Amino acid sequence: MSAASCLLTEHQFLCSICLDVFTDPVSTPCGHNFCKTCITEHWNINVPYQCPNCKKVFYSKPELQVNTFISEMAAQFRQSAQQKASSSSSEQQAAKPGEVPCDVCTGTKVKALKSCLVCLVSYCETHLEPHLTMAGLKRHQLIDPVENLEGRMCTKHDKLLELFCKTDQMCVCMLCTVLDHKTHDVVPLKEEYEGKKAELGKTEAETQQMIQKRRLKIQEIKRSVELSKEDADREIAGGVQVFSALKESVERSQAELIDTIKEKQRETEKQAEGFIKELEQEISELKKRSSEVEQLSRSEDLLHLLQRLPSLNAAPPTKDWTEVSVRPPSYEGTVRRAVNQLEETLSKQMKKLLAEAELKRVQQYAVDVTLDPDTAHPALILSDDGKQVNCGDVKKNLPDNPERFDYCPCILSKQSFSSGRFYYEVQVKGKTEWDLGVARESINRKGKITASPKKGYCMICLRNENKYQALADPPVILSLKFQPEKVGVFVDYEEGLVSFYDVDAAALIYSFTGCCFTEKLYPFFSPCINKGGKNSAPLIITSGTAI
């Protein structure tokens with residue numbers, strides 16, 4: 001027996017119901033062992049009879065057989081455990097701060113293993129043994145060690161607080177229920193505990209859900225800040241580019257002004273140098289004649305003087321310098337003219353740069369758009385990739401579904417948008433007529449269409465090769481310097497804005513503002529009829545990447 005017990009472990013002698021060493025162990029027909037009292041009480045509560053271990057159901061209460069072998073082994077193990085506890089009690093360490101000490105230990109207070117709600121005493125492993133072995137004590141209710149066991153007693157009746165008064169929301173003893181709380185709604189502590197625990201579980205779940213929502217909101221806010229920073233960085237970069245270009249223009253104009261003034265000064269200096277050189281040459285000639293005259297006047301040779309004198313009468317040719325002067329150049333209006341010219345240049349350049357910056361800004365919202373064949377008028381011809389459409393001469397036999405246009409040669413995109421911003425580009429090169437824009441989901445697609453924002457359309461169009469219109473209320477004639485070959489369409493859903501751009505010229509064509517969008521928007525296309533081949537070029541959806 002001693003050798004066998006050495007090979008056995010504690011869990012082999014524990015009842016799976018009470019988790020304690022077997023007392024009066026019995027075996028079920030399926031071969032599992034339990035304390036007789038435990039399995040009997042379990043079956044009194046749970047019907048039909050079922051094994052707690054293997055869940056096998058017995059349709060009639062089985063006869064329980066006492067397992068003599070297990071009983072002897074459990075007794076042997078209990079005795080061995082007691083001896084071991086006795087021999088090791090001196091080796092147990094004192095309870096640490098924060099741990100519940102044993103109330104029975106007289107010397108070193110060992111850490112308590114359990115607290116008894118009947119004895120109102122906490123026991124260490126050694127002193128708990130009687131509660132595990134003695135039949136009377138085994139009925140006591142043991143819990144994990146707690147301090148202040150007296151607080152679990154009714155101060156008025158000195159009885160265990162084992163009930164809960166739902167009327168007064170307080171713990172009471174059995175005596176309270178027949179005296180002060182006689183007519184109140186009283187339930188066992190366990191029942192109220194389970195109810196409150198379930199409420200706490202629900203509260204915890206709700207709290208966790210609230211925490212999760214706030215974490216998601218934090219992520220949303222952080223993402224908004226990131227997007228805002230990205231927008232700010234882009235705007236700063238665009239602004240720096242614009243101002244750098246304007247600064248270069250100013251510096252260039254300044255350099256040109258300085259060069260103009262310096263050139264005038266150089267011309268003045270050159271003129272003065274010419275005059276001075278000419279004057280110095282005349283002075284040189286006059287000095288030479290003066291020297292000759294002086295030498296001749298000193299001669300006492302009468303014949304020589306008279307013979308040389310006629311040649312001296314002819315004075316060297318000289319210029320009348322009376323009216324000659326070097327006047328400083330006039331700079332009046334030079335700076336003003338330069339500033340006016342700069343202002344005009346800057347105005348043109350600024351408009352161009354701002355238009356380019358604006359186009360780059362909206363192009364960051366480029367989306368992939370493809371044509372929806374289910375909405376196409378039967379005469380329209382689509383490319384396989386859904387990026388091109390033109391109008392043929394023959395109507396195809398197609399199902400007349402509610403989404404399809406049946407009178408006007410129009411088509412929508414597969415993609416719809418109900419929030420945010422989006423942008424796409426369409427090549428219109430070579431066409432004499434076309435319509436482009438966005439349309440609400442609820443537009444009428446049958447019969448003749450009159451497009452306007454009130455009817456659900458925000459569009460611009462080309463008619464008769466050079467007549468551009470914004471189909472507003474009323475329509476607006478558009479005066480364009482150049483015929484656009486590629487049109488960009490930008491939509492800000494929340495702002496109610498739809499803008500059209502000449503992509504190559506980086507110029508705004510027209511904007512619909514103050515729109516109120518409450519439903520899905522679809523990119524709208526109409527290549528219009530081909531007019532005997534004059535308008536056969538397709539509308540082509542391009543990538544819409546930034547310039």
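Further up the page is the structure itself.
Residues numbered from 1 in each chain as written. Predicted model: local features only at pLDDT ≥ 70, side-chain atom pairs only at ≥ 80, totals over all residues. Heavy atoms only, no water.

Now for unusual backbone geometry. The step from aspartate 473 to proline 474 runs through a cis peptide bond, and the omega angle for that step is 0°. With a phi close to 55°, glutamine 169 is a non-glycine residue in the positive phi region. Looking at the secondary structure, you find glutamine 169 in the loop between β9 (163-165) and β10 (170-172). Positive phi outside glycine occurs at alanine 506, with the angle close to 50°. Mapped onto the fold, alanine 506 is located in the loop between β21 (497-502) and β22 (507-512). Judged by its relative accessible area of 5%, alanine 506 is buried. (Helix = DSSP H or I, 4+ residues; strand = E, 2+ residues; numbered from the N terminus. Buried < 20%, exposed > 50% of the residue type's maximum accessible area, 1.4 Å probe, protein only.)

This paragraph deals with the nonpolar core. In this structure, Trp434, Ile460, Val498, Phe512 and Phe525 are the most contacted members of the largest nonpolar core, which totals 38 residues. Setting aside residues up to four positions removed in sequence, phenylalanine 512 forms contacts with Pro453, Cys458, Met459, Ala470, Leu471, Ala472, Gly496, Leu497, Val498 and Phe500. In terms of nonpolar packing, the next biggest core, distinct from the first, is built from 16 residues, Phe34, Cys38, Phe58 and Ile70 among them. (Core = buried A, V, L, I, M, F, W, Y, C linked by side-chain atoms within 4.5 Å. Contact = heavy atoms within 4.5 Å.)

With that settled, consider the sheet that holds strand β6 (residues 114-116). An order of β7-β6-β8 is seen for the three strands of this open sheet, with the pairing classed as antiparallel. Pairing within the sheet leaves two strands with one partner each, and these edge strands are β7 (121-123) and β8 (142-143). Here β6 pairs with β7 via three bridges, running antiparallel. Looking at the pairing, lysine 114 lines up with tyrosine 123 of β7. (Pairing = 2+ DSSP bridges.)

Turning next to the sheet that holds strand β5 (residues 65-66). What the three strands build is an open sheet, ordered β2-β1-β5; its pairing is antiparallel. Of all strands in the sheet, those with a lone pairing partner are β2 (33-35) and β5, marking the two edges. As judged from the two bridges shared by strand β1 (residues 25-27) and β5, these two strands associate in the antiparallel manner. Considered in β5, the bridge of valine 26 is made with valine 66. The strands touched by helix α2 (residues 36-45) are β1 and β2; relative to β2, the strand with the most contacts, the crossing angle is about 90°. (Axes fitted to C-alpha atoms, helices over the stretch in contact; angles between N-to-C directions.)

It is worth spelling out the pairing of strand β24 (residues 539-542) at this point. One ladder, built from two bridges, connects strand β13 (residues 388-391) with β24; its direction is antiparallel. Counted as the bridge partner of valine 389 is leucine 539 from β24. Across three bridges, the pairing between strand β15 (residues 421-427) and β24 is antiparallel. Paired with glutamine 427 across the two strands is isoleucine 540, which belongs to β24.

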